[in-house]
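Examination of the molecular architecture
Residues per chain are reported as follows:
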Amino acid sequence: MKEVQPGVQVEVAYTLRADGPEGEELESCNEETPFVFTVGQEEALEAFEAALIGKRIGEPFEIHIACDDAYGDETDDAVVALPKSTFMVDGKLDEEVMQVGEVVPMSDDEGQEIVGVVVGVEAEFVHVDFNHPLAGLDLHFEGVVVGISA
């Protein structure tokens with residue numbers, strides 16, 4: 001019988017809550033639309049993958065991941081003041097994207113996509129928070145392995 005191990009593709013259905021089993025629900029995916037990832041490819045948290053090793057299809061799991069092993073604490077360094085010129089599209093400022101609460105996809109120096117949230121707008125600058133949305137939280141997953149393939 002197949003079990004979760006490095007290199008296999010895994011499908012899991014789960015509910016993610018903040019801080020513990022009674023915490024606020026942050027996200028969920030069901031058996032019809034599971035979270036699919038390959039173990040060892042850095043597509044899921046390392047602690048999440050490690051806790052699934054050896055599990056089989058149909059086997060339930062409950063995983064608690066401390067903030068430090070998940071996305072770490074929020075940091076002030078991740079809030080950046082960007083010149084409004086950063087938001088130019090076809091020679092014009094994209095006013096819609098410069099609204100507090102807007103999600104802003106960008107690229108870092110290595111070309112990796114990073115996502116920020118606009119947290120403030122001034123005359124010359126837009127303040128964008130690049131902390132991971134789950135930074136500062138302990139994560140609690142409850143779910144079941146729904147598929148394993150080589």
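Higher on the page you've got the structure.
Structure report, in brief.

About the thresholds
Residues numbered from 1 in each chain as written. Predicted model: local features only at pLDDT ≥ 70, side-chain atom pairs only at ≥ 80, totals over all residues. Heavy atoms only, no water. Pairing = 2+ DSSP bridges. Helix = DSSP H or I, 4+ residues; strand = E, 2+ residues; numbered from the N terminus. Axes fitted to C-alpha atoms, helices over the stretch in contact; angles between N-to-C directions. Core = buried A, V, L, I, M, F, W, Y, C linked by side-chain atoms within 4.5 Å. Buried < 20%, exposed > 50% of the residue type's maximum accessible area, 1.4 Å probe, protein only. Phe/Tyr/Trp six-rings, centres within 6.5 Å; stacked < 30°, edge-to-face > 60°. Patch = residues over 30% accessible without salt bridge, like charges linked within 9 Å, V, L, I, M, F, W, Y side chains within 5 Å. Areas by Shrake-Rupley, 256 points an atom, 1.4 Å probe, with all protein chains shown as cover. Salt bridge = Lys/Arg side-chain N within 4 Å of Asp/Glu carboxyl O.

**Regarding the sheet that holds strand 8 (residues 103-107)**
Overall, antiparallel pairing links the four strands, which are arranged 5-10-9-8 in an open sheet. Each end of this open sheet is capped by a strand with a single partner; those strands are strand 5 (79-83) and strand 8. Ignoring which end each strand starts from, the neighbouring axes of this sheet average 45 degrees apart. In the sheet, strand 5 pairs with strand 10 (residues 125-129) via five bridges, with the strands oriented antiparallel. The residue of strand 10 that forms the bridge with Pro83 is Phe125.

**Quick notes on the nonpolar core**
In this structure, Val12, Phe48, Leu52, Phe61 and Phe141 are the most contacted members of the largest nonpolar core, which totals 22 residues. Within the residue set of this core, elements represented by two or more residues are strand 1 (9-18), helix 1 (46-52), strand 4 (60-65) and strand 11 (139-149). Membership of the second largest hydrophobic core comes to nine residues, among which are Leu82, Met98, Met106 and Val118.

**Focus on unusual backbone geometry**
Trans is the prevailing form of peptide bonds, just as negative phi is the prevailing case for residues other than glycine. The residue Asp19 is not glycine, and still its phi comes out positive at about 75 degrees. Checked against the element boundaries, Asp19 lands in the loop between strand 1 and strand 2 (25-29). For Asp90, which is not glycine, the phi dihedral falls at a positive 50 degrees. Here Asp90 is to be found in the loop between strand 6 (88-89) and strand 7 (92-93).

**Remarks on the packing of aromatic side chains**
For the coordinates displayed, the defined rule picks out seven aromatic pairs. When the centroid spacing of 6.3 Å and the interplanar angle of 90 degrees are considered together, the rings of Tyr14 and Phe35 count as edge-to-face. Of the two residues, Tyr14 is situated in strand 1 and Phe35 in strand 3 (residues 35-38); the sequence distance between them amounts to 21 residues. Among the residues examined, Tyr14 registers a relative accessible area of 8% and is labelled buried. Given a relative accessible area of 25%, Phe35 falls into the partly exposed group.

**Quick notes on the pairing of strand 10**
Across four bridges, strand 9 (residues 113-121) lies against strand 10 in antiparallel orientation. Within strand 10, the position partnered with Val117 by the bridge is Asp129. Connecting strand 9 to the next strand, strand 10, in antiparallel fashion are three residues.

**Focus: a nonpolar patch on the surface**
On the surface, Val79, Val103, Val115, Val117 and Val119 cluster together to form a nonpolar patch covering roughly 350 Å² of accessible area. When residues of the nonpolar patch are assigned to their parent elements, the largest contribution, three residues, is made by strand 9. Its place among the elements puts Val115 in strand 9.

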